[in-house]
Amino acid sequence: MDATTIAAAIGGLRTAGDIARSILDLKIDSEISEKVIELQRQILSAQEAALSTQQLQMELLETKRQLEKEIADLKAWDRERENYELKDIARGTFAYVPKPNPNTSEPFHWLCTNCFETRKKSILQAGQSGGSNSRDRAYHCGLCSNTIFVPWRVAPTKSE
Ligand SMILES: [Zn+2]
């Protein structure tokens, strides 16, 4: 049943309820009245069933919409991650770096490995502090608390 069918059923049941009510306004004997009241009860329970079906259908449509978005996001991420490769940038310090691509004007950069594993693209930003070893420069991830330390001579450039 699609949304229009359910809405039509709800509308039809409302009309049936109105007709049953108008029959009760007529001069009818009590036996008929009892039957019409029974009919009203049946109409009411059918209306309740139709309304809960409508509610369920709206919930299913919302779930479908969310899943479609999730699939689209996953596909987009799969395409995006193809542009990167994991690289040892300095002494066993890893980052995801762009694969060689002559078609991009994007400046070379490093991506946080923590965030990359959770399908987030977060560019490591150069900091000033050298940490415990002043020959090193810190690179911070703005999304998670990840910080890597690399020698000053190592920087995210294409020549690396
Ligand atoms: Zn991160």
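The following refers to the structure shown. All residue numbers refer to position in the chain's written sequence, counted from 1. Where totals are concerned, whole chains, interfaces and linings use all residues; where local detail is concerned, this predicted model gives features only for residues with pLDDT of at least 70, and gives and counts side-chain atom pairs only at 80 or more. Neither water nor hydrogens contribute to the side-chain values; these are computed over all heavy atoms in the structure.

## Focus on the side chain of Ser33
Right, so step 1: Secondary-structure assignment places Ser33 in helix α2 (residues 30-81).
Right, so step 2: If near-sequence neighbours (up to four positions away) are discounted, Ser33 is found in contact with Leu24 and Ile28. Numbering of helices and strands runs from the N terminus; a helix is a DSSP stretch of H or I covering at least four residues, while a strand is a stretch of E covering at least two. Any two residues having at least one pair of non-hydrogen atoms within 4.5 Å are treated as being in contact.

## Concerning the nonpolar core
Across soluble globular proteins, nonpolar side chains have a tendency to be buried as a group.
Right, so step 1: Side-chain atoms within 4.5 Å are what join buried Ala, Val, Leu, Ile, Met, Phe, Trp, Tyr and Cys residues into a set we call a nonpolar core. A 1.4 Å probe rolled over the protein chains alone gives each residue an accessible area, and that area as a share of the maximum for its type sets the label: buried under 20%, exposed over 50%, partly exposed in between. By size, the foremost hydrophobic cluster in this structure holds 13 residues, and its most contacted members are Ile89, Trp110, Leu124, Tyr139, Ile148 and Val150.
Right, so step 2: Counting residues per element, the ones that place at least two in this core are β1 (84-90), β2 (93-98) and β5 (147-151).
Right, so step 3: Formed by 7 residues, the second largest nonpolar core is a distinct cluster that contains Ile6, Leu13, Ala20 and Ala50.

## Digging into the sheet that holds β5
Right, so step 1: Taken in spatial order, the 3 strands line up as β3-β4-β5 in an open sheet, and their pairing is antiparallel. Of all the strands in the sheet, just β3 (125-126) and β5 have a single pairing partner and so form its edges.
Right, so step 2: Here, a strand pair is defined by DSSP locating no fewer than two bridges between the strands. Alignment of β3 against strand β4 (residues 136-140), held across 2 bridges, turns out to be antiparallel. From the neighbouring strand, Ala126 faces β4, where its bridge partner is Tyr139.

## Section: the environment of Ala9
Right, so step 1: In this fold, Ala9 is placed in helix α1 (residues 3-25).
Right, so step 2: A C-alpha to C-alpha distance of 9.5 Å links Ala9 and Leu51, two positions 42 residues apart in sequence.

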